[in-house]
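Observations on chain architecture
For reference, the chains in residue letters:
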Amino acid sequence: MLLEWWSCTECTLFTDQATVDRFGKEHVVIILNHNFEIDFLCGWTMCERFGVLGSSKVLAKRELLYVPLIGWTWYFLEIVFCKRKWEEDRNTVIEGLERLSDYPEYMWFLLYCEGTRFTEKKHRVSMEVAISKGLPVLKYHLLPRTKGFTTAVQCLRGTVTAVYDVTLNFRGNKNPSLLGILYGKKYEADMCVRRFPLEDIPLDEKEAAQWLHKLYQEKDALQEMYNQKGVFPGQQFKPRRRPWTLLNFVCWATVLLSPLFSCVLGVFASGSPLLILTFLGFVGAASFGVRRLIGVTEIEKGSSYGNQEFKKKE
């Protein structure tokens, strides 16, 4: 709701009509670059506009499980959590993916193959590893981690019919933030979407990993083109926002805020110092929770994961 109706941020797709016609009508794995604080929000709005927000899944870091509201909600939505240490994650990830193999609704499963958000420090370490492994240097992405991708493809083969490669950027060379969205700042997001049938991805794990590395070289070329020309290749589509997010917000705001305002008036009208201090403490705790939620999305406050982990073998 904040992205679509409060900030009125626009999301434009660059793809072809045949791909758009399949949106929301098949199980897919989505690969998205992890460069921006609100990249997940742009993904969510596309899920909502094509009717799969409720069945969207993601391979997420376990720390998000403890984020107020979002983490708790994801737990009940069968999100697959991982510690980003493959030796510890293997069984957990495979079990989570196998539970999704017979998911009854069309599902979009998101992978951030880079494993962490892009920063200059992480990029420098990542490219040192790429050079040591004889892989091409990437300019706009971190070296993709292949284990999660190859495992997801193996476990969901027979359920998933395609991989959507999504490359995201913002017009005007802007670096949007969740705080900017909360302040009502409008951004213009461009998303290049390419569809790859799952049968085009090799069955062999090493060959599938090589396919992913090649994909990221292509994503890097797309970002270079965007920086030079300001657009991605392909036909432009602007899916219309639907009213359901706004109606949902208005409904819950009416149900929750009306008694809350009455409660606030009652607290201050009581004149009780203890009651007023207790209420202010509750407000402070709620503010802290919201600030922590926002902090999870801020790049400069991101985890140190990737600064040294790239130096270890997958």
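Structure: see above.
Below is a summary of the structure that appears in this document. (Residues numbered from 1 in each chain as written. Predicted model: local features only at pLDDT ≥ 70, side-chain atom pairs only at ≥ 80, totals over all residues. Heavy atoms only, no water.)

Thoughts on the overall build of the protein
The helix and strand inventory of the protein stands at 11 helices and eight strands. With the C-alpha coordinates of the protein rotated into their principal frame, the extents come out at 70 × 40 × 40 Å. The 314 residues of the protein split such that 48% are buried. Partitioning the contacts of the protein with sequence separation of at least 6, the portion at a separation of at least 24 is 78%. For the protein, the accessible surface area stands at approximately 16,500 Å², while carbon and sulfur atoms represent 60% of it. Placing the 40 positive and 35 negative side-chain charges of the protein at their respective mean positions leaves the two points 4 Å apart. (Helix = DSSP H or I, 4+ residues; strand = E, 2+ residues; numbered from the N terminus. Buried < 20%, exposed > 50% of the residue type's maximum accessible area, 1.4 Å probe, protein only. Contact = heavy atoms within 4.5 Å. Areas by Shrake-Rupley, 256 points an atom, 1.4 Å probe, with all protein chains shown as cover. Lys, Arg positive; Asp, Glu negative; His and termini not counted. Charge placed at Lys NZ, Arg CZ, Asp CG, Glu CD.)

With respect to the pattern of salt bridges
Taken as a whole and judged by the stated rule, the model has 16 salt bridges. In this structure, the salt-bridge partner of arginine 242 is glutamate 48, at a minimum N-O distance of 3.0 Å. Placement of the pair is arginine 242 in the loop between β8 (235–237) and α10 (244–270) and glutamate 48 in helix α3 (residues 39–49), with a sequence separation of 194 residues. Connected via shared salt-bridge partners are Asp165, Arg194, Lys214, Glu218 and Lys219. (Salt bridge = Lys/Arg side-chain N within 4 Å of Asp/Glu carboxyl O.)

Some points on the packing of aromatic side chains
For the structure shown, the criterion picks out 15 aromatic pairs. On the numbers, 4.8 Å between centres and 75 degrees between planes, the contact of phenylalanine 23 with phenylalanine 50 is edge-to-face. Of this pair, phenylalanine 23 sits in the loop between α2 (17–22) and β2 (28–32) while phenylalanine 50 sits in the loop between α3 and β3 (56–61), placing them 27 residues apart in sequence. Among the residues examined, phenylalanine 23 registers a relative accessible area of 7% and is labelled buried. (Phe/Tyr/Trp six-rings, centres within 6.5 Å; stacked < 30°, edge-to-face > 60°.)

Brief notes about a nonpolar patch on the surface
A contiguous nonpolar patch, built from Trp252, Val255, Leu256, Leu257, Leu260 and Phe261 and spanning about 600 Å² of accessible area, is present on the exposed surface. On the secondary structure map, tryptophan 252 appears in helix α10. (Patch = residues over 30% accessible without salt bridge, like charges linked within 9 Å, V, L, I, M, F, W, Y side chains within 5 Å.)

Points about the pairing of strand β6 (residues 162–170)
As a general feature of sheets, a regular strand has side chains that alternate between the two faces. The element β6 is extensively covered by neighbouring structure, given that nine of its nine residues are classed as buried. The side-chain alternation of β6 yields two buried faces, one formed by Ala162, Tyr164, Val166, Leu168 and Phe170 and the other by Val163, Asp165, Thr167 and Asn169. Alignment of β2 against β6, held across five bridges, turns out to be parallel. Paired with isoleucine 31 across the two strands is aspartate 165, which belongs to β6. Across nine bridges, β6 lies against strand β7 (residues 188–197) in antiparallel orientation. Paired with tyrosine 164 across the strands is arginine 195, a residue of β7. (Pairing = 2+ DSSP bridges.)

Some remarks on the nonpolar core
By size, the foremost hydrophobic cluster in this structure holds 38 residues, and its most contacted members are Ile38, Cys42, Trp108, Tyr164, Leu168 and Phe170. Of all the secondary structure elements, the ones that give two or more residues to this core are β1 (10–15), β2, α3, β3, β5 (108–111), β6, α8 (178–182) and β7. Per-element accounting of this core gives the leading share, five residues, to β6. Beyond its immediate sequence surroundings of up to four residues, tyrosine 164 is in contact with Arg22, Phe23, Glu26, Val28, Val29, Ile30, Ile31, Trp108, Val193, Arg194 and Arg195. (Core = buried A, V, L, I, M, F, W, Y, C linked by side-chain atoms within 4.5 Å.)

Considerations on the sheet that holds β1
The eight strands are arranged β4-β3-β5-β2-β6-β7-β1-β8 in an open sheet whose pairing can be described as mixed. Two strands bound the open sheet, and with one partner strand each, they are β4 (80–82) and β8. For this sheet, the mean inter-axis angle between neighbouring strands, taken without regard to orientation, is 25 degrees. Strands β1, β2, β3, β5, β6 and β7 of the sheet are contacted by α3, whose axis makes an angle of about 75 degrees with β1. Contacts between helix α5 (residues 86–99) and the sheet are confined to β3, β4 and β5, with β4 contributing the most and set at about 175 degrees to the helix. (Axes fitted to C-alpha atoms, helices over the stretch in contact; angles between N-to-C directions.)

Section: the side chain of threonine 19
With respect to the secondary-structure elements, threonine 19 resides in helix α2. The class for threonine 19 is buried, based on a relative accessible area of 5%. The contacts of threonine 19, once residues within four sequence positions are left out, are Val193 and Arg195.

Considering α10
With 27 residues, α10 should reach 39 Å at 1.5 Å per residue; the first-to-last C-alpha distance of 39 Å fits that figure. For α10, the principal kink sits at threonine 254 and spans about 30 degrees. When we look at burial in α10, the residues that qualify are Thr245, Ala253 and Val267. Looking one or two residues beyond α10, the residue adopting positive phi is glycine 271, at roughly 75 degrees. (Expected span 1.5 Å × (residues − 1). Bend = angle between axes of the 7 residues up to and from the residue.)

Description of the pairing of β3
Among the six residues that make up β3, five are buried, leaving the element largely enclosed by the rest of the structure. By the bridge criterion, three bridges tie β3 to β5 in an arrangement that is parallel. Within β5, the position partnered with serine 56 by the bridge is tryptophan 108. Note: β3 against β4, three bridges, orientation parallel. For lysine 61, the partnering residue across the bridge sits in β4 and is cysteine 82.

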